[in-house]
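So the chains spell out like this:
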Amino acid sequence: MSYTFQAYIADGQEHFLHGPSGHVQHTQYPLSQTVLEWMELDVEPIRDVTERLQTDLHKLITGKEERLEKPIAEGLALLNSYHMYFTYLRLQWLERLKQARQQSYKDVDRLLPVEELVRISAMLETTQQQLRVLWHNVLDVDVSEEPIQARMRNLYTESANSSRYFTFQPLQLRYEFVEEGIFTDILEAQSVFDIPDFFVRECIRRELRFRICKNCGRYFTLSRNKNAEYCERPFAVPSKTCKEIGALNQWERKKADSPALKAYTREYKRRFAWIRYGKTTEEAFYQWAELAKLNRDACLRGEITLEAFLDWLKLDM
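Heads up: these notes are all about the structure in this document. (Residues numbered from 1 in each chain as written. Predicted model: local features only at pLDDT ≥ 70, side-chain atom pairs only at ≥ 80, totals over all residues. Heavy atoms only, no water.)

What the chain contains, in helices and strands, is 13 helices and nine strands. The globule rule puts the C-alpha radius of gyration for 317 residues at 20 Å, and the 29 Å found for the chain is more than 25% above it. Seen through its principal axes, the chain has C-alpha atoms that stretch 95 × 50 × 45 Å. In the chain, which comprises 317 residues, the share counted as buried stands at 43%. Considering only residue pairs separated by 6 or more positions, the chain has 54% of its internal contacts joining residues 24 or more positions apart. (Helix = DSSP H or I, 4+ residues; strand = E, 2+ residues; numbered from the N terminus. Rg over C-alpha atoms; globule rule 2.2 N^0.38 Å. Buried < 20%, exposed > 50% of the residue type's maximum accessible area, 1.4 Å probe, protein only. Contact = heavy atoms within 4.5 Å.)

Okay, here's the thing in structure tokens:
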């Protein structure tokens, strides 16, 4: 085999060694990140790519010419761009294409089993549904306070519809020393679906807890702050995370309900009306408004008391 694809866990991170011989890369993610992304992955683009690959593979099987490999390699690269797990699939199928070429495309049907690619989108959809059931019933901190092992037992022994459960499969593992300086299990994937299986087990074994983000509606891992309500994924604007947007929303709600804001609004309207009656100038009003806003925000942040802010509003300026 002229490529490497291995997955393992070290220092609370997911590690992937992947690439053709001589060009192996090392990629890391926080533990559970790739599984959550796999659970949320849009299936439709995956289905579109695999259907195009099916057509391109049939052309290669029929035509048996090297030039027909190019759209297949491009399709595999596109699939790879959707999720890290498809790196395994891309490396595996590029190896198969190489073998087919070396054998002048003899027995190409066996080397390039098209149905294997065709099944991916349906299998992904089923796996996603099963993972959502598992997360909701076992790992969601807001659903139950029972220990995770008790919740696992309840899910897998008391429910009647077993097709809804995530199915754990036998995995090929090696226990070896890794560059992070520890011994750990290394997954030798035999299928792209072995990879989420490997990391899901670790989430359960470590009893990780998750919550649905109040902003984007996706699961995130609860680490140090067990009361966190927002994840730290980029949302809409890349420079803003759900956590940052949540803090802004909380600030706006706090302001809306604040006696300081209500008092500021009343006084703002009253003094603005003075312009019409000639009791103040626009320049004087806007100078006051700038100071009032600074004092209002200081009060909302707790830097000055509400009483001090209300007294300041009464001052003639």
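Right, let's get into the packing of aromatic side chains. What the rule picks out here adds up to 21 aromatic pairs. Measuring from ring centre to ring centre gives 5.1 Å for Tyr156 and Tyr165, while their planes differ by 55°; the resulting arrangement is tilted. Exposure remark for Tyr165: the relative accessible area of 6% places this residue in the buried category. Considering the side-chain rings of Trp288 and Trp312, the 6.2 Å spacing of their centres and the 15° angle between planes classify their relative orientation as stacked. (Phe/Tyr/Trp six-rings, centres within 6.5 Å; stacked < 30°, edge-to-face > 60°.)

On to a nonpolar patch on the surface. On the surface, Tyr175, Phe177 and Phe183 cluster together into a nonpolar patch covering about 400 Å² of accessible area. With respect to the helices and strands, Phe183 occurs in strand E5 (residues 183-187). (Patch = residues over 30% accessible without salt bridge, like charges linked within 9 Å, V, L, I, M, F, W, Y side chains within 5 Å. Areas by Shrake-Rupley, 256 points an atom, 1.4 Å probe, with all protein chains shown as cover. Salt bridge = Lys/Arg side-chain N within 4 Å of Asp/Glu carboxyl O.)

Although it is not a glycine, Asp107 adopts a positive phi angle of roughly 60°. Within the secondary structure, Asp107 is located in the loop between helix H4 (86-102) and helix H5 (108-111). The class for Asp107 is partly exposed, based on a relative accessible area of 43%. Non-glycine residue Glu207 carries a positive phi angle of around 55°. You can see Glu207 is positioned in the loop between helix H9 (194-205) and strand E6 (209-212).

Moving on, we come to the environment of Thr34. Mapped onto the secondary structure, Thr34 falls in helix H1 (residues 33-40). Put simply, Thr34 and Tyr85 are 51 residues apart on the chain and 8.1 Å apart in space, counted from C-alpha to C-alpha. The contact partners of Thr34, leaving out residues within four places of it in the chain, are Glu14, Phe16, Tyr29, His83, Tyr85 and Phe199. At a separation of 2.6 Å, a polar atom in the side chain of Thr34 contacts the side chain of Glu14. (Polar contact = N/O pair within 3.5 Å; in protein donor to acceptor, adjacent residues only side chain to side chain.)

Time to look at H4. Owing to its 3.6 residues per turn, the α-helix brings residues three or four apart onto one side. Over its 17 residues, H4 extends 24 Å from the first C-alpha to the last, a length consistent with the 24 Å expected when each residue adds 1.5 Å. Ser104 sits one or two positions beyond H4 and adopts a positive phi of about 55°. (Expected span 1.5 Å × (residues − 1).)

In this section: the packing of H1 against H9. Where H1 contacts H9, the two axes come as close as 9 Å, and the packing angle between them is 125°. With respect to H9, the axis of H1 lies oblique. Classified by chirality, the crossing of H9 by H1 is left-handed. Contacts between H1 and H9 involve Thr34, Val35 and Trp38 from the former and Pro196, Phe199 and Val200 from the latter. (Axes fitted to C-alpha atoms, helices over the stretch in contact; angles between N-to-C directions. Parallel < 35°, antiparallel > 145°, perpendicular 65-115°, else oblique. Left-handed = near helix turned anticlockwise from the far one by under 90°.)

Ranked by size, the top nonpolar core spans 65 residues in total, and within it Phe16, Trp38, Phe86, Leu134, Trp135, Ile195 and Phe199 carry the most contacts. Element by element, the count of residues in this core is highest for helix H7 (residues 120-139), at eight residues. Beyond its immediate sequence surroundings of up to four residues, Ile195 is in contact with Phe5, Phe16, Tyr85, Tyr88, Leu187 and Ala189. Core analysis: the next-biggest nonpolar cluster, separate from the first, contains 13 residues, Ala260, Tyr264, Ala289 and Leu300 among them. (Core = buried A, V, L, I, M, F, W, Y, C linked by side-chain atoms within 4.5 Å.)

Attention shifts here to the sheet that holds E5. Reading across from one edge, E3-E2-E1-E5-E4 is the order of the five strands in this open sheet, with antiparallel pairing throughout. Lying at the two open borders of the sheet, with one neighbouring strand each, are strand E3 (25-30) and strand E4 (173-177). Across this sheet, the average inter-strand angle for adjacent strands is 30°, counted without regard to direction. The sheet strands contacting H1 are strand E2 (13-20) and E3, and the helix crosses E2 at an angle near 75°. Here H9 sits on the sheet in contact with strand E1 (3-10), E2, E4 and E5, set at roughly 10° to E1. (Pairing = 2+ DSSP bridges.)

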